[in-house]
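Fold and geometry: a report
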Amino acid sequence: MTVQHNMGLPLRGEFLARYLDNLALLERLHRLLLDVIKDEFERLGMVDINPVQALLLFNIADHEVTAGELKSRGYYQGSNVSYNLKKLVELGYMHHERCAVDRRAVRVRLTEKGQVVRDRILDLFARHALSLHEEGVIEFATLDAVARALKRMERFWSDQIRYIY
C-alpha cells in the first residue's frame with residue numbers, strides 16, 4: 001500500500017525500505033568496528049581481550065560505574081556484561097569494589113593496564129578521524145548531521161522501550 005505520510009515524508013513503502021537499509025547498515029558498521037579493533041589489537045599483540053571488552057574499557061574511560069550504570073548510560077548493551085566485567089577484572093584491566101551504600105552493587109574503574117587499552121583505541125579512532133578528514137571521505141557537516149539523526153533514532157527507540165504498552 002502506498003499511503004503518503006501526513007508530514008510529507010516519502011511513501012510508506014519507500015520509507016520502510018530506507019529504514020530497513022539503515023538498520024542493516026548500523027549492524028554491519030558495528031560488526032566492522034569490532035573487526036577494526038580486533039585487527040588493531042592483533043597487530044599490537046594484545047590478544048587477551050576481545051573487541052567488545054576493549055570498547056567497554058574505552059567507554060568507561062575515567063568513570064567509576066556499576067554494571068547497571070553501564071547499560072543505563074549507554075556504554076554497554078550486551079546481555080553478558082557481568083561476564084565481561086569479571087573477565088576484565090581477572091585480567092587486571094579493571095578494579096572492582098563493593099559499594100558502601102548498596103553492598104550488592106559493585107563499582108568498577110580502569111586500572112593502568114585498562115587505561116593503556118583505552119588510549120590505544122583513542123589513538124586508533126584519532127587516526128581514523130584524521131584520515132577521514134584529510135582524504136575528504138566525509139565532511140564535518142555531514143558527520144554532524146549523521147550524529148543528530150542517530151541521536152533522534154536513539155531517543156525514538158528509547159521511548160519505544162519506556163512507553164510500550
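The coordinates are above.
**Overview of helix 5 (residues 112-134)**
- For helix 5, with 23 residues, the first-to-last C-alpha span of 32 Å sits near the 33 Å given by 1.5 Å per residue.
- Every buried residue of helix 5 is listed here: Gly114, Val117, Arg118, Ile121 and Leu124.
- For helix 5, the elements touching its buried residues are helix 1 (12-44), helix 2 (51-60) and strand 3 (106-110).
- Positive phi shows up at Gly136, right after helix 5, with a value of about 65°.

**Structural notes on the packing of aromatic side chains**
- Following the criterion strictly, the structure yields one aromatic pair and no others.
- Taking 5.2 Å as the distance between ring centres and 80° as the angle between the ring planes, the aromatic pair formed by Phe58 and Phe125 counts as edge-to-face. Placement of the pair is Phe58 in helix 2 and Phe125 in helix 5, with a sequence separation of 67 residues.
- Judged by relative accessible area, Phe58 falls into the buried class, the value being 15%.
- One residue, Lys113, lies across the ring of Tyr93, its end atom 4.6 Å from the ring centre.

**A short note on the pattern of salt bridges**
- Following the criterion strictly, the structure yields twelve salt bridges and no others.
- The partner of Glu40 in a salt bridge is Arg43, and the shortest N-O contact between them spans 2.8 Å. Of this pair, Glu40 and Arg43 are both found in helix 1, three residues apart, which corresponds to roughly one turn of the helix.
- Ionic pairing is found between Arg107 and Glu64, a salt bridge with its closest N-O pair at 3.3 Å. Placement of Arg107 in strand 3 and of Glu64 in the loop between helix 2 and strand 1 (65-66) is noted, with a sequence separation of 43 residues between them.

How each quantity is defined
- Residues numbered from 1 in each chain as written.
- Predicted model: local features only at pLDDT ≥ 70, side-chain atom pairs only at ≥ 80, totals over all residues.
- Heavy atoms only, no water.
- Helix = DSSP H or I, 4+ residues; strand = E, 2+ residues; numbered from the N terminus.
- Expected span 1.5 Å × (residues − 1).
- Buried < 20%, exposed > 50% of the residue type's maximum accessible area, 1.4 Å probe, protein only.
- Contact = heavy atoms within 4.5 Å.
- Phe/Tyr/Trp six-rings, centres within 6.5 Å; stacked < 30°, edge-to-face > 60°.
- Lys NZ or Arg CZ within 6 Å of the ring centre and 35° of its normal.
- Salt bridge = Lys/Arg side-chain N within 4 Å of Asp/Glu carboxyl O.

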